[in-house]
Amino acid sequence: MNENVTAPLRARAEIDLGALKANVRSLRAHAPGAAFMAVVKADAYGHGMIPVARAAKEAGADWIGTATAEEALELRAAGLPGRIMCWLWVPGGPWREGIEADLDMSVSGMWALREVTAAARELGRTARIQLKADTGLGRNGCLPTDWPELVREALAAQAAGHVTVTGLWSHFACADEPGHPSIAAQLTAFREMTGYAEGEGVTPEVRHIANSPGTLTLPETHFDLVRPGIAMYGISPSPELGPPADHGLRPVMTLKANLALVKHAPGGLGVSYGHHYVTPGATTLGLVPLGYADGIPRHASGTGPLLIGGKRRTVAGRVAMDQFVVDLGGDEPAAGDEAVLFGPGDAGEPTAEDWAVAAGTIAYEIVTRIGSRVPRVYVDGEGTGRPEMRPRIP
Ligand SMILES: Cc1ncc(COP(=O)(O)O)c(C=O)c1O
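## Regarding unusual backbone geometry
Phase 1: Cis peptide bonds are those with omega within 30 degrees of zero, and the linkage from G93 to P94 qualifies with 10°.
Phase 2: With a phi angle near 50°, A42 is a residue other than glycine that sits in the positive phi range.
Phase 3: Tracing the sequence through the fold places A42 in helix α2 (residues 41-45).
Phase 4: Residue A42 is classed as partly exposed on the basis of its relative accessible area of 34%.
Phase 5: Residues other than glycine seldom take positive phi values, yet D43 does so here, at roughly 55°.
Phase 6: Relative to the assigned elements, D43 resides in helix α2.

What follows is the structure, encoded as structure tokens:
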């Protein structure tokens, strides 16, 4: 495809890098004493990892965070400088490549420490590692019972010159549920586990536990670095925390499609697979050329909202693999007219949070699952209030 195509005809996800940069600055202001790690895993929650990482750094992000080593290595290969941390490792590495690319690599258990140490020894280099504590998420990380052994062996590997422990860190289970008792319990465990490691001689550059809700609402979780993901994309971590604008955030992704067909239909017409929608009377139907292959949740069949011709519409019948139908109630937009599935909401369009409610999921999943068949078009609405189209950033 021509890299300069700015408005692909079928559908597109417009990514407002101006909004992203403003969100980074706003989040930094929430945690003024802490360094900032921009979390860009999963293709930057569907927004495009490399352009987002570059924009986040432009706006002052000190670190970039990914889940997998492959993501972190891709960022390095694209020329991204500075600190990049990744945290989801499996036996086999790729530790060697991680050391050569100067990544900060999370270690959650003894098998990982042994593998990264062996790779560093073979290369004759020092690996940067961060020890992850399971303070109560019950997912990745080292439980308190196994922590003394991990700390002892990490210090031994450090003394031998194979690793440097650059960080001590953890992750919350329920920071998006204000007042949840696990928040205080995890903070206590984090203080105890980091305190133990420091007492044994670890001197971390950074201690960190705050995700988006921690960054936005729990200053006592900020420590040396905050690690937000979803809030950087202008999405509220949960309905309980209020809309993004309450936190000075603006949604970054707007998902649009052009109608593939508009037709007059009689009453009683079964619409889409299974005929779960039947036209209540003579009407007009619009065909939206996006489906579950593009990440439109099939669970939003009959419920997903969108804006067409200034009016809210709802998915009629089932979302299919490549397309779905809306009942236009007799209105006659032209084929090719724009349908906005979600965006910031300024023009009356739904938000990703609205789609999450419609599909019984979270807004994280709505944006992250937008498929690779939907081109990302990068715009920069910074300062103008309105996005300005720019060529695609490769
Ligand atoms: C380890 C880790 N840190 C930070 C984040 C960012 O979380 P959020 O998107 O809720 O800010 C995630 C995302 O799930 C994560 O897995």
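## Structural notes on the side chain of H162
Phase 1: You can see H162 is positioned in the loop between α7 (147-159) and β7 (163-169).
Phase 2: If near-sequence neighbours (up to four positions away) are discounted, H162 is found in contact with T117, A120, R121, R125, T126, A127 and A157.

## Considerations on helix α4 (residues 69-77)
Phase 1: Within α4, the full set of buried residues consists of A69, E71, A72, L75 and R76. All buried residues of α4 fall inside an arc of 160° around its axis, so they share one side. Across from the buried face of α4, at angles greater than 90 degrees, the exposed residues are E70 and A77.
Phase 2: Phi turns positive, to about 95°, at G79, one or two residues after α4.

## Focus: the sheet that holds strand β6 (residues 127-132)
Phase 1: Pairing in this closed barrel of eight strands is parallel, and the strands run β2-β3-β4-β5-β6-β7-β8-β9 around the ring.
Phase 2: As paired elements, β7 and strand β8 (residues 206-210) share three bridges and run parallel to each other. Paired with G167 across the bridge in β8 is V206.

## Quick word on the sheet that holds strand β10 (residues 253-258)
Phase 1: An order of β11-β14-β17-β16-β15-β18-β10-β1-β19 is seen for the nine strands of this open sheet, with the pairing classed as mixed. Each edge of the sheet is formed by a strand with only one pairing partner; in this case those strands are β11 (261-265) and β19 (376-379). When the angles between neighbouring strand axes are averaged without regard to direction, this sheet yields 35°.
Phase 2: On the sheet, helix α1 (residues 17-30) packs against β1 (11-16) and β19 and is oriented at approximately 35° with respect to β1.

## Structural notes on the pattern of salt bridges
Phase 1: Within this structure, the stated rule accounts for 21 salt bridges.
Phase 2: Close ionic contact of D331 with R313 constitutes a salt bridge, the shortest N to O distance being 2.5 Å. Linking D331 in the loop between β17 (324-327) and β18 (338-342) with R313 in strand β16 (residues 311-316), this pair joins segments that are 18 residues apart in sequence.
Phase 3: For E365, the salt bridge is made with R369, and the minimal N-O distance between the two is 2.7 Å.
Phase 4: The network of salt bridges with common partners includes R10, D294, D322 and R373.

## What to know about the environment of P213
Phase 1: Considering the arrangement of structural elements, one finds P213 in helix α9 (residues 212-217).
Phase 2: A relative accessible area of 2% places P213 in the buried class.
Phase 3: Along the chain, P213 and P228 lie 15 residues apart, while their C-alpha atoms are 7.9 Å from each other.
Phase 4: Contact partners of P213, with chain neighbours within four places excluded, come to A175, D176, L218, P237 and L241.

What counts, and at which threshold
- Residues numbered from 1 in each chain as written.
- Predicted model: local features only at pLDDT ≥ 70, side-chain atom pairs only at ≥ 80, totals over all residues.
- Heavy atoms only, no water.
- Helix = DSSP H or I, 4+ residues; strand = E, 2+ residues; numbered from the N terminus.
- Buried < 20%, exposed > 50% of the residue type's maximum accessible area, 1.4 Å probe, protein only.
- Contact = heavy atoms within 4.5 Å.
- Arc of directions from axis to C-beta.
- Pairing = 2+ DSSP bridges.
- Axes fitted to C-alpha atoms, helices over the stretch in contact; angles between N-to-C directions.
- Salt bridge = Lys/Arg side-chain N within 4 Å of Asp/Glu carboxyl O.

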